[in-house]
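Results of the structural survey
So the chains spell out like this:
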Amino acid sequence: MLKNLNDILPEAKSRKEAVGHFNINGQLWIENILKAAVSENSPVILATSDRMVDYLGGFKTIQKLVLSLIDYYNIEIPVVLHLDHGQTIERCFEAIDAGYSSVMFDGSHEVLEKNIELTRKVVDYAHNKNVSVEAEIGTVGGNEDGVIGGINYADLNECIRLVDETGIDALAAALGSVHGPYQGEPKLGFAEMRAISEAISIPLVLHGASGIPTHQIRKAIELGHAKINVNTELNLAWKAGLIDSLRNYPTVYEPKILQELSAKNIYSVVKEKIREFKNLE
Ligand SMILES: [Zn+2]
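Rules and cut-offs
- Residues numbered from 1 in each chain as written.
- Predicted model: local features only at pLDDT ≥ 70, side-chain atom pairs only at ≥ 80, totals over all residues.
- Heavy atoms only, no water.
- Helix = DSSP H or I, 4+ residues; strand = E, 2+ residues; numbered from the N terminus.
- Rg over C-alpha atoms; globule rule 2.2 N^0.38 Å.
- Buried < 20%, exposed > 50% of the residue type's maximum accessible area, 1.4 Å probe, protein only.
- Contact = heavy atoms within 4.5 Å.
- Areas by Shrake-Rupley, 256 points an atom, 1.4 Å probe, with all protein chains shown as cover.
- Lys, Arg positive; Asp, Glu negative; His and termini not counted.
- Charge placed at Lys NZ, Arg CZ, Asp CG, Glu CD.
- Donors = N, O, S within 2.8 Å, 3.2 Å for Na, K, Ca; no water.
- Salt bridge = Lys/Arg side-chain N within 4 Å of Asp/Glu carboxyl O.
- Arc of directions from axis to C-beta.
- Polar contact = N/O pair within 3.5 Å; in protein donor to acceptor, adjacent residues only side chain to side chain.
- Core = buried A, V, L, I, M, F, W, Y, C linked by side-chain atoms within 4.5 Å.

Along the backbone of the chain there are twelve helices and eleven strands. Relative to its length of 281 residues, the chain is compact, with a C-alpha radius of gyration of 18 Å against a globular reference of 19 Å. Per-residue burial for the chain yields a buried fraction of 54% across its 281 residues. A sequence separation of at least 24 residues applies to 71% of the contacts in the chain between residues at least 6 apart. In the form shown here, the chain has an accessible surface area of approximately 12,700 Å², with 51% of it arising from carbon and sulfur atoms. In the chain, 27 positive and 38 negative side-chain charges are present, and the distance between their average locations comes to 4 Å.

Every protein donor of the zinc ion is accounted for by His85 (NE2), His179 (NE2) and His207 (ND1), and the metal-donor separations fall at 2.0 to 2.1 Å. Accessibility expressed as a relative area gives 0% for His85, which makes it buried. On the basis of relative accessibility, which here comes to 3%, the residue His207 falls in the buried class.

What follows concerns the pattern of salt bridges. Here the structure, examined in full by the defined rule, presents 16 salt bridges. With a closest N to O distance of 3.5 Å, Glu260 and Lys256 form a salt bridge. Given a relative accessible area of 42%, Glu260 falls into the partly exposed group. For Glu276, the salt bridge identified is with Lys273, shortest N-O distance 3.5 Å.

Another point: the environment of Leu56. When you line up the elements, Leu56 lands in the loop between α3 (50-53) and α4 (58-72). Setting aside anything within four residues of it in sequence, one finds Leu56 in contact with Ile24, Asn25, Gly26, Thr48, Thr61 and Ile62.

A separate point is helix α8 (residues 190-199). Because an α-helix packs 3.6 residues into every turn, residues spaced three or four apart end up facing the same way. Looking only at α8, the buried set comprises Phe190, Met193 and Ile196. Down the axis of α8, the buried set is contained in an arc of 120°. They therefore lie on one face. Away from its buried face, by an angle of more than 90 degrees, α8 presents the exposed residues Ala191 and Glu198. Where the residues of α8 are buried, they touch α7 (156-166), β8 (170-173), β10 (204-206), α9 (214-222) and β11 (225-230).

Before going further, it helps to spend a moment on the side chain of Ser245. Within the fold, Ser245 resides in helix α10 (residues 232-248). In this view, Ser245 contacts Leu258 and Leu261; residues no more than four positions away in its chain are not counted.

Mapped onto the fold, Ser197 is located in helix α8. When the C-alpha atoms of Ser197 and Phe59 are compared, they prove to be 33 Å apart, with 138 residues separating the residues in sequence. In this structure Ser197 touches Leu204 and Leu223, once residues within four positions along its chain are discounted. A polar side-chain atom of Ser197 sits 3.4 Å from the main-chain carbonyl oxygen of Leu223.

Positive phi values are uncommon outside glycine, yet Lys16 reaches one of about 55°. Structurally, Lys16 can be placed in the loop between α1 (5-14) and β1 (19-23). Assessed through its relative accessible area of 44%, Lys16 is described here as partly exposed. One non-glycine residue with positive phi stands out, namely Asn130, at about 60°. Within the element layout of this structure, Asn130 appears in the loop between α6 (112-127) and β5 (132-137). Assessed through its relative accessible area of 56%, Asn130 is described here as exposed.

Core analysis: the largest hydrophobic core is formed by 76 residues, its most contacted members being Ile33, Leu34, Leu46, Val79, Ile168, Leu171 and Leu234. With residues near it in sequence (within four places) discarded, Leu46 still touches Phe22, Ile24, Ile30, Ile33, Leu34, Val66, Val79, Val80, Leu81 and His82. Within the second largest apolar cluster, twelve residues are counted, among which are Ala12, Val80, Met104 and Val205.

Honestly, that's just the spatial picture; any functional story needs more than this.
This is the structure:
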């Protein structure tokens, strides 16, 4: 049985911890994210970016694969299956119908009124089926799932209205983070973050966390972030492992062997992130 965000985030928030959201790009990711979370006895959020869903065989295939692997490995930690950056309300409905336990509707590119109207439709549909909903205000910099854009800070009053008028369960308020690698030290808007976290009670979500230094992650968690999204770092770890393997074993062609190091690297990054988000040494 999959859990939703409400089963895990409020508790994490009350302990000033965050739960890791890790994007999956295939079975290798699912298995190693799950194993790392089990090794830390921690809940975990498996996420698919909307743009990756078709590549991975569609919502139903992904949902069945995740459930089968949970069963195969006798996994007992809470696992959430989440749609990341759902591009349309129909895509969110599709994910919900296929058995996802959580969806993000990304209406951040719409004007506020439209974002509220569409997000509320997703919330109505999702809550009926015990599925949680995340929504976004502002623009995360860099490559936001195919749309290259600058950073556009979330506005406090818009955050309050989106939360109050839709009933969402978690809010991604863009405050200077970037999808993909950072150039130089990230500059998160902590003053704005504090104001937002004091004004709303639901957990905040940090997008584009790959490459944000630990002291800034800690501060974001203290200011109400209970879900932190990691994608780029896992893929960089996968790539580094593959390059090393190809160099080390030039005559090997068995994928299982060539991807062993990538698997280990994904496992290590996830474990490290979970510990960082719980403030463990
Ligand atoms: Zn994102």
